[in-house]
Amino acid sequence: MEIKIQPFLISDFSSEFATENYSVALWKGVGVFAVDNINYSYDGYTILFLSPYQKLKMISETDENVEILFFHGDFYCIEYHKEEVACNGLLFNNIYLNPGVALTRENYEYIQELFNHIKKEKSEKHPFSESIIKTYIQLILAIGSKQKSSIENDTVSQEKLPNKNAAEFQKLLETHFKSEKELSFYSDKLNITNNTLSKAVKKEFAKTPSQLINERIILEAKKLLHLTYRSVKEIASELGFSDEFYFSRYFKKSVGCSPKNYREKVGISVVAKMSM
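Just so we're clear, the structure is a prediction, and the values are computed from it rather than from any experiment.

## Quick word on the nonpolar core
If you look at the biggest cluster of nonpolar residues, it comprises 35 residues, and the most contacted ones within it are F169, Y186, L239 and F247. Broken down by secondary-structure element, the contributors of at least two residues to this core are α4 (164-176), α5 (183-190), α6 (194-205), α7 (209-227), α8 (232-238), α9 (244-255) and α10 (259-266). Ranked by residue count, the leading element in this core is α7, at eight residues. Dropping the residues within four chain positions of it, F247 is found in contact with A221, V232, I235, A236, L239, F241 and P259. Listed in part, the 28 residues of the second largest apolar core include I5, L69, V101 and I143.

Below is the structure:
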């Protein structure tokens, strides 16, 4: 499946759901959704951006309609277009940010229209349909990036300063995640207890330090599998795993499939092919 828009009900996601595609879900209402077992609340118009094999679950008292745009990386490459719409580090592949975005009603209705245009182009199948659909996807991502950036800027302008320990943990994690996977390393570096660090990180990111360490390793593994031609053994070594088979088990426990199967389903990006 290269690209598809499919209607669902929120109740369809009462158990975990994941695919090999990038997904953009659009709905309205009040409730809670979970991505990779982390809960996020929503109230109003919402758009959600998921990378391949991220697991979605919905928890809501109402059963609203959800429309989801699925597109494979071979059809529209996020990494190739990331500079144009600033989406890769803002909407997708960012473990520190909520993957959902609160929309204005105007933007919600506009994106609904874009979904309808995509469905129309798919049904007509004329020679320019693929290019037009890619333009619509790019517009949806640009709107999402603009809205999310606005929300982040509003948070800063309201002087909500990040917790210092949580911010320092994030910096340390980005530097050391390949070699240091234990919580004690980070708390020792910050000269605080494991408990103090855990509380600060949980409050700031709604995740525990251990969850973020695991997510950061898995995110890098996914990138290396998708953006390079390196072998699973080479990737395991780069991420600090001395045993390729232990790495494969670690990856499968988090993602739901082996590194080899992930690469087969998601594919190797045009970015990797261009760098050869």
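Anyway, onward from the coordinates.
## Description of empty space enclosed by the protein
To find the voids left in a structure, one rolls a probe of water-molecule size over its atoms. Under the defined criterion, the tally for this structure stands at two cavities of 30 Å³ or more. Taken as a whole, the largest cavity spans an internal volume of roughly 80 Å³. Surrounding the largest cavity, Y22, S51, P52, E79, N93, L219, K222, K223, H226, Y262 and V266 form its lining. Where the lining of the largest cavity is concerned, the elements lending two or more residues are α7 and α10.

## Considering the layout of surface pockets
Put simply, the second largest pocket is a space of about 550 Å³. Looking at the second largest pocket, it is lined by 28 residues, and the ones nearest its centre are D36, Q54, N214, E215 and I218. Contributions of two or more residues to the lining of the second largest pocket are made by β3 (38-50), α7 and α9. It is α7 that provides the largest number of residues to the lining of the second largest pocket, a total of six residues. Residues belonging to the lining of the second largest pocket are distributed by class as follows: 14 nonpolar, eight polar and six charged.

## Describing the packing of α4 against α6
Two numbers describe how α4 lies on α6: the axes approach to 8 Å, and their chain directions differ by 90°. Overall, the two elements α4 and α6 adopt an arrangement that is roughly perpendicular. Within the contact between the two elements, α4 uses N165, A166, F169 and Q170 and α6 uses T196, L197, A200, V201, E204 and F205.

## Observations concerning the packing of aromatic side chains
Tallying each qualifying case throughout the model produces 24 aromatic pairs. Note on Y22 and F92: the rings are 5.3 Å apart at their centroids and 85° apart in plane angle, and the pair reads as edge-to-face. With Y22 in strand β2 (residues 22-35) and F92 in the loop between α1 (78-85) and β6 (100-103), this residue pair connects regions lying 70 residues apart in the sequence. Exposure class is identical for Y22 and F92. Each is buried.

Procedures and definitions
Residues numbered from 1 in each chain as written. Predicted model: local features only at pLDDT ≥ 70, side-chain atom pairs only at ≥ 80, totals over all residues. Heavy atoms only, no water. Core = buried A, V, L, I, M, F, W, Y, C linked by side-chain atoms within 4.5 Å. Buried < 20%, exposed > 50% of the residue type's maximum accessible area, 1.4 Å probe, protein only. Helix = DSSP H or I, 4+ residues; strand = E, 2+ residues; numbered from the N terminus. Contact = heavy atoms within 4.5 Å. 1 Å grid on protein atoms, 1.4 Å probe; cavity = no way out; pocket = protein on both sides within 12 Å on 5 of 7 lines; lining within 4 Å. Points joined across faces, edges and corners; volume = space filled by probe spheres on them. Nonpolar A, V, L, I, M, F, W, Y, C, P; charged D, E, K, R; others polar. Axes fitted to C-alpha atoms, helices over the stretch in contact; angles between N-to-C directions. Parallel < 35°, antiparallel > 145°, perpendicular 65-115°, else oblique. Phe/Tyr/Trp six-rings, centres within 6.5 Å; stacked < 30°, edge-to-face > 60°.

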